[in-house]
Amino acid sequence: MHPRADLPHEFPSGDPVGPSVPLQPVKKILFLNGPNLNLLGTRQPEIYGRDTLASIEASVQERARVLGVSVEFRQTNEEGQLVTWIQQAKGSVHAIALNAAAYTHTSIALRDAIAAVELPVIELHLSNIHARESFRHHSMIAPVCRGQISGFGALSYILALEAAVKVN
């Protein structure tokens, strides 16, 4: 019997103490959410849906467990806080999934922060910003993001997770 009953007797490699290759660190994906996303579920549900940010986070956490990655969600209504979180992410996360909300269309500060950290950033939106008011058609951050996902409602977050896990 193995000296510790809580350990398997033999790993797939045949080595009783475990694989000889070091384990890879778990990828961490940071989800940043901008202004008014704390109101999801009640704010314009005909555009943004009835899911709350908490329910979206729960779905993303569930998918992250299946994918074997770690996810952290944050939300703020403050542009400067988003900039700070992006700057702090360098070296501590694999990628960022960013729903900058209205700041998407106005923030040079977010654009500069994304460019500065040299991390893959996935821009995401619940609604299709290109099918809405003309001022929402232009994204200030798109040129410095790895890609953009929009228009799939809460599924946009799951798609952003999948993309963030697979980017290099």
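Each value, and the rule that gives it
Residues numbered from 1 in each chain as written. Predicted model: local features only at pLDDT ≥ 70, side-chain atom pairs only at ≥ 80, totals over all residues. Heavy atoms only, no water. Pairing = 2+ DSSP bridges. Helix = DSSP H or I, 4+ residues; strand = E, 2+ residues; numbered from the N terminus. Axes fitted to C-alpha atoms, helices over the stretch in contact; angles between N-to-C directions. Phe/Tyr/Trp six-rings, centres within 6.5 Å; stacked < 30°, edge-to-face > 60°. Buried < 20%, exposed > 50% of the residue type's maximum accessible area, 1.4 Å probe, protein only. Patch = residues over 30% accessible without salt bridge, like charges linked within 9 Å, V, L, I, M, F, W, Y side chains within 5 Å. Areas by Shrake-Rupley, 256 points an atom, 1.4 Å probe, with all protein chains shown as cover. Salt bridge = Lys/Arg side-chain N within 4 Å of Asp/Glu carboxyl O. Core = buried A, V, L, I, M, F, W, Y, C linked by side-chain atoms within 4.5 Å. Contact = heavy atoms within 4.5 Å. 1 Å grid on protein atoms, 1.4 Å probe; cavity = no way out; pocket = protein on both sides within 12 Å on 5 of 7 lines; lining within 4 Å. Points joined across faces, edges and corners; volume = space filled by probe spheres on them. Nonpolar A, V, L, I, M, F, W, Y, C, P; charged D, E, K, R; others polar.

Draft legend 1. Quick peek at the sheet that holds strand β1 (residues 28-33). Ordered by their spatial adjacency, five strands build an open sheet running β2-β1-β3-β4-β5, and the pairing between neighbours is parallel. A single partner strand is all that each edge strand has here, and the edge strands are β2 (70-75) and β5 (147-150). Averaged over neighbouring strand pairs, the angle between their axes works out to 20 degrees when direction is ignored. When β1 meets β2, the two strands line up parallel, connected through six bridges. Residue pairing in the sheet places Phe31 in a bridge with Phe73 of β2.

Draft legend 2. Representation of the packing of aromatic side chains. For the structure on display, the rule yields three aromatic pairs. Ring geometry for Phe31 and Phe73: centres 4.8 Å apart, planes at 10 degrees, overall stacked. Residue Phe31 is located in strand β1, and its partner Phe73 is located in strand β2; the two are separated by 42 residues in the primary sequence. For the pair Phe31 and Phe73, one class covers both residues: buried. Ring centres of Phe73 and Tyr157 lie 6.0 Å apart, and the angle between their planes is 20 degrees; on these two criteria the pair is classed as stacked. One end of the pair, Phe73, is in strand β2; the other, Tyr157, is in helix α5 (residues 155-166), with 84 residues separating them in the sequence. Take Phe73 and Tyr157: they sit in the same class, and that class is buried.

Draft legend 3. A look at a nonpolar patch on the surface. Residues Phe152, Leu155 and Leu159 make up a contiguous nonpolar surface patch of about 270 Å² in total accessible area. With respect to the helices and strands, Leu155 occurs in helix α5.

Draft legend 4. Broad picture of the nonpolar core. Counting 26 residues, the largest nonpolar core has Ile29, Phe31, Val60, Val71, Phe73, Tyr157 and Leu161 as its most contacted members. Every element with two or more residues in this core is listed here: β1, α2 (53-67), β2, β3 (95-99), β4 (121-125) and α5. Residue contributions to this core peak at six residues, all from α5. Beyond its immediate stretch of four places on either side in the chain, Leu161 contacts Ile29, Phe31, Val60, Arg63, Ala64, Leu67, Val69 and Val71.

Draft legend 5. Structural context of the layout of surface pockets. A volume near 180 Å³ is recorded for the largest pocket. Along its surface, the largest pocket is lined by 15 residues, and Tyr48, Ala101, Ala102, Arg132 and Arg136 are the ones closest to its centre. Within the lining of the largest pocket, the residues separate by chemical class into seven nonpolar, five polar and three charged.

Draft legend 6. Spatial organisation of the side chain of Glu162. Within the element layout of this structure, Glu162 appears in helix α5. Here Glu162 falls in the buried class, since its relative accessible area comes to 17%. Non-local contacts of Glu162, meaning those with residues more than four positions away in its chain, are made with Arg63 and Leu67.

Draft legend 7. Spotlight on the pattern of salt bridges. Going through the model one piece at a time under the given rule, you end up with five salt bridges. We note a salt bridge from Glu162 to Arg63, for which the minimum N-O separation is 2.6 Å. Taken as a pair, Glu162 in helix α5 and Arg63 in helix α2 lie far apart in primary sequence, 99 residues in all. By relative accessible area, which is 28% here, Arg63 ends up partly exposed.

Function cannot be inferred from these measures alone, as they are strictly geometric.
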